[in-house]
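Each chain, letter by letter, is given below.
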Amino acid sequence: MASLVLTVIGDDRPGLVSAVSRQVEERGGSWQRSQMARLSGKFAGIALVEVPETAIAALEQSLGELAGLDVRVERIEHAEPERDVVPLHLHLLGQDRAGIVAEVSAALAARGVGIDDLATDVREAPMAGGTLFEVDARLSIPQDADLADVRADLERLADELMVDLDLGPAPTPPATVG
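Residues numbered from 1 in each chain as written. Predicted model: local features only at pLDDT ≥ 70, side-chain atom pairs only at ≥ 80, totals over all residues. Heavy atoms only, no water.

Undergrad: I would appreciate a short explanation of the overall build of the chain in the present structure.
TA: The number of helices and strands found in the chain is four helices and eight strands. The order of helices and strands in the chain, counted from the N terminus, is β-α-β-β-α-β-β-α-β-β-α-β. Taken over the C-alpha atoms alone, the chain extends approximately 55 × 40 × 35 Å along its principal axes. Pairs at least 24 apart in sequence give 69% of the contacts found in the chain among residues at least 6 apart. Of the accessible surface of the chain, which amounts to about 11,200 Å², a share of 53% is contributed by carbon and sulfur atoms. Taking the average location of the 15 positive side-chain charges in the chain and that of its 31 negative ones, the two points are 4 Å from each other. (Helix = DSSP H or I, 4+ residues; strand = E, 2+ residues; numbered from the N terminus. Contact = heavy atoms within 4.5 Å. Areas by Shrake-Rupley, 256 points an atom, 1.4 Å probe, with all protein chains shown as cover. Lys, Arg positive; Asp, Glu negative; His and termini not counted. Charge placed at Lys NZ, Arg CZ, Asp CG, Glu CD.)

Undergrad: Looking at this model, I keep getting lost on the side chain of Q23. Mind explaining?
TA: In this structure, Q23 sits in helix α1 (residues 16-26). At 3.1 Å, the side chain of Q23 forms a polar contact with the side chain of S62. Residues within four places of Q23 in sequence aside, it is in contact with L59, S62, L63 and L66. (Polar contact = N/O pair within 3.5 Å; in protein donor to acceptor, adjacent residues only side chain to side chain.)

Undergrad: Help me understand the nonpolar core in this model?
TA: For soluble globular proteins, nonpolar side chains are generally found buried alongside one another. Grouped together as the largest cluster of nonpolar side chains are 20 residues, with contacts concentrated most on L90, L92, V104, L139, L154 and L167. Of all elements in the fold, only β5 (85-95), α3 (100-110), β7 (131-142), α4 (147-161) and β8 (163-169) reach the threshold of two or more residues within this core. Sequence-distant contacts of L90, that is, excluding residues within four places in its chain, are made with V104, V135, D136, A137, L139, L154, L165, D166 and L167. (Core = buried A, V, L, I, M, F, W, Y, C linked by side-chain atoms within 4.5 Å. Buried < 20%, exposed > 50% of the residue type's maximum accessible area, 1.4 Å probe, protein only.)

Undergrad: Looking at this structure, how should I read the sheet that holds strand β3 (residues 42-51)?
TA: Two strands in a sheet stick together by hydrogen bonds in their backbones, pointing the same way (parallel) or opposite ways (antiparallel). Pairing within the open sheet is antiparallel, and its four strands lie in the order β2-β3-β1-β4. For this open sheet the edge positions go to β2 (30-39) and β4 (69-76), each flanked by a neighbour on one side alone. For this sheet, the mean inter-axis angle between neighbouring strands, taken without regard to orientation, is 15°. Pairing of strand β1 (residues 2-11) with β3, which is carried by ten bridges, proceeds in the antiparallel orientation. Counted as the bridge partner of V8 is G45 from β3. Strands in contact with α1 are β1, β2, β3 and β4; relative to β2, the strand with the most contacts, it is inclined by about 160°. (Pairing = 2+ DSSP bridges. Axes fitted to C-alpha atoms, helices over the stretch in contact; angles between N-to-C directions.)

Undergrad: What should I look at first to understand a nonpolar patch on the surface in this one?
TA: A grouping of V101, I115 and L118 is seen on the molecular surface, where their side chains present a nonpolar patch of about 220 Å² in accessible area. Examined against the element boundaries, I115 turns out to sit in strand β6 (residues 114-124). (Patch = residues over 30% accessible without salt bridge, like charges linked within 9 Å, V, L, I, M, F, W, Y side chains within 5 Å. Salt bridge = Lys/Arg side-chain N within 4 Å of Asp/Glu carboxyl O.)

Undergrad: Could you clarify how one ought to interpret the pattern of salt bridges in this entry?
TA: Opposite charge on two side chains makes pairing possible when the charged atoms of those side chains draw close. As enumerated under the stated definition, the model contains eleven salt bridges in all. In this structure, D153 engages R156 in a salt bridge whose closest nitrogen and oxygen atoms are separated by 2.6 Å. Of this pair, D153 and R156 both sit in helix α4, three residues apart, which is roughly one turn of that helix. Looking at R156, the relative accessible area reads 48%, which means it is partly exposed. Several salt bridges share partner residues, and in doing so they unite R111, D149, D153 and R156 into one network.

Below, the structure is given as structure tokens:
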């Protein structure tokens, strides 16, 4: 089996995931992991799938024929080795302004911290008026990094941006019942 990463973007409509997953299934493939979202009428997603080596070309062709979708197929040649990291959760909330994601991600990158998952949202402030910007992120901090330094950098940045910031243990995924 070959591992492939599919990136998909197009105008949102019911049945998009079904159309893509059907192409994988019809070629003897298996859907492994995915993250997908609808933003401003657009659908965007990324999925890790496995298909037989002999089915890759047919899958690429069939995905390319799906109306209204732009699908890119990337073959994974070698599995990424597991890094020795500590998973953390970052939550940030404050008045919306330009540059928050750029500044936070730069501070994390400067300390070698990876962003494994990032979700952001803008919403109306309930009482004060204006808009709030919220960030939820799952981070990977290298085992040899100084967590106190990472925390200090983020707290300093939170003070500059005038936002509330929480950095703590990443939630553990729920146990599966078999």
